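# Survey of secondary and tertiary structure
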Amino acid sequence: MKQLRLKVLAGLFAVAGILSWGGARLWESFGTLPSVPLAAPIVLAAIAAVLAATALSLRSRLRAQRERRPGAKGVEPLMAARAVVFGQASALVASLVSGAYGGTGVFLLGSLDIPARRDQAIYAGFSVAAGIAVVAAAIFLERVCRLPDDEDETPAPA
């Protein structure tokens, strides 16, 4: 399984943001801009909380397993792999969604004097922040589930 790369996530965020900003400008020329839902930052924050809770739970269970505590509940490798895949997928989607809301938010910055637009810009900003929290929690989960490097193996001389 490949590790998440911040460059890929940042690229997805930037591309989605630019496309969203351009789409918002185009949409505004035809009529009214669709609103940023209030539920967007809430859902993203909930996903970040689930990822962080999973990472903390797995970290404590792995630590207890490594220290060979009596009664320690181990971690099944397939469960850890599923958690990492969920985290990676969440980070990729959150990068796209945050970029889209970020681009819309940047477009809305031009009309903050209108109360409805100001609220939409605030929702977009919170969505970007919650998306960044999802990415951070996913990277933390990935780091928790990483296998330790095998230090006993030395490369064979060629």
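Residues numbered from 1 in each chain as written. Predicted model: local features only at pLDDT ≥ 70, side-chain atom pairs only at ≥ 80, totals over all residues. Heavy atoms only, no water.

For the rest of this paragraph, the subject is the overall build of the protein. On a plain count of helices and strands, the protein comes out with four helices and zero strands. Put simply, the protein runs from its N terminus to its C terminus through helices and strands in the order α-α-α-α. Taking 2.2 N^0.38 as the reference for a compact globule, 158 residues should give roughly 15 Å; the C-alpha atoms of the protein span a radius of gyration of 20 Å, well beyond that estimate. If you line up the protein on its principal axes, its C-alpha atoms span 65 × 45 × 20 Å. Within the protein, the fraction of its 158 residues that count as buried is 35%. (Helix = DSSP H or I, 4+ residues; strand = E, 2+ residues; numbered from the N terminus. Rg over C-alpha atoms; globule rule 2.2 N^0.38 Å. Buried < 20%, exposed > 50% of the residue type's maximum accessible area, 1.4 Å probe, protein only.)

What follows deals with the packing of helix H2 (residues 39–66) against helix H4 (residues 115–144). Across the interface, H2 lies against H4 with an axial gap of 8 Å and an inter-helix angle of 15°. The orientation of H2 relative to H4 falls into the category roughly parallel. Taken as a pair, H2 and H4 cross one another with a handedness that is left-handed. Considering only residue class, the contact of H2 with H4 consists of 22 nonpolar, three polar and one charged. (Axes fitted to C-alpha atoms, helices over the stretch in contact; angles between N-to-C directions. Parallel < 35°, antiparallel > 145°, perpendicular 65-115°, else oblique. Left-handed = near helix turned anticlockwise from the far one by under 90°. Nonpolar A, V, L, I, M, F, W, Y, C, P; charged D, E, K, R; others polar.)

Right, let's talk about the environment of Ala39 for a bit. Within the element layout of this structure, Ala39 appears in helix H2. Note: C-alpha distance between Ala39 and Tyr123 (84 residues apart in sequence) is 8.8 Å.

Residues at a pLDDT of 70 or more form 92% of the protein, whose mean pLDDT is 87. At the level of individual helices and strands, the protein shows its lowest average pLDDT in H2, which scores 91, and its highest in H4, which scores 94. (pLDDT = per-residue confidence, 0-100.)

Compared with an ideal rise of 1.5 Å per residue, which puts 28 residues at 40 Å, H2 spans 40 Å between its outermost C-alpha atoms and is within 8% of the ideal. Buried residues along H2 sit in contact with helix H3 (77–108) and H4. (Expected span 1.5 Å × (residues − 1). Contact = heavy atoms within 4.5 Å.)

Moving on: the nonpolar core. In terms of nonpolar packing, the biggest core is built from 23 residues, with Leu4, Leu51, Leu58, Ala91, Val134, Leu141 and Cys145 touching the most fellow members. Taken together, the elements giving at least two residues each to this core come down to H2, H3 and H4. For this core, the leading source of residues is H4, giving eight residues. If we skip the residues at most four places from it in the chain, Cys145 touches Leu58, Ala80 and Val84. Core analysis: the next-biggest nonpolar cluster, separate from the first, contains five residues, Ala24, Leu33, Leu108 and Ala121 among them. (Core = buried A, V, L, I, M, F, W, Y, C linked by side-chain atoms within 4.5 Å.)

Quick look at the side chain of Gln120 now. Position of Gln120 among the secondary structure elements: in helix H4. Residue class for Gln120 comes out buried when judged on its relative accessible area of 16%. Excluding its chain neighbours within four sequence positions, the residues that come into contact with Gln120 are Ser35, Val36 and Leu108.

Below, the discussion takes up the side chain of Ser90. Inspection of the secondary structure assignment puts Ser90 in helix H3. When sequence neighbours within four positions are dropped, the list of residues in contact with Ser90 reads Ile47, Leu51 and Val134.

Let us look at the packing of helix H1 (residues 6–30) against H3. In a pair of packed helices, the angle between the axes and the distance between the axes together describe the arrangement. Direction vectors running N to C along H1 and H3 enclose 40°, while the axes themselves pass 6 Å from each other. Here H1 lies oblique to H3, going by the angle between them. You can see that H1 and H3 cross each other, and the crossing is right-handed. On H3, the residues that touch Leu9, Leu12, Phe13, Ala16, Gly17, Ser20, Trp21, Ala24, Arg25 and Glu28 of H1 are Ala91, Leu92, Ser95, Leu96, Ser98, Gly99, Ala100, Gly103, Thr104, Val106 and Phe107. Of the residues belonging to the contact of H1 with H3, the class tally is 12 nonpolar, seven polar and two charged.

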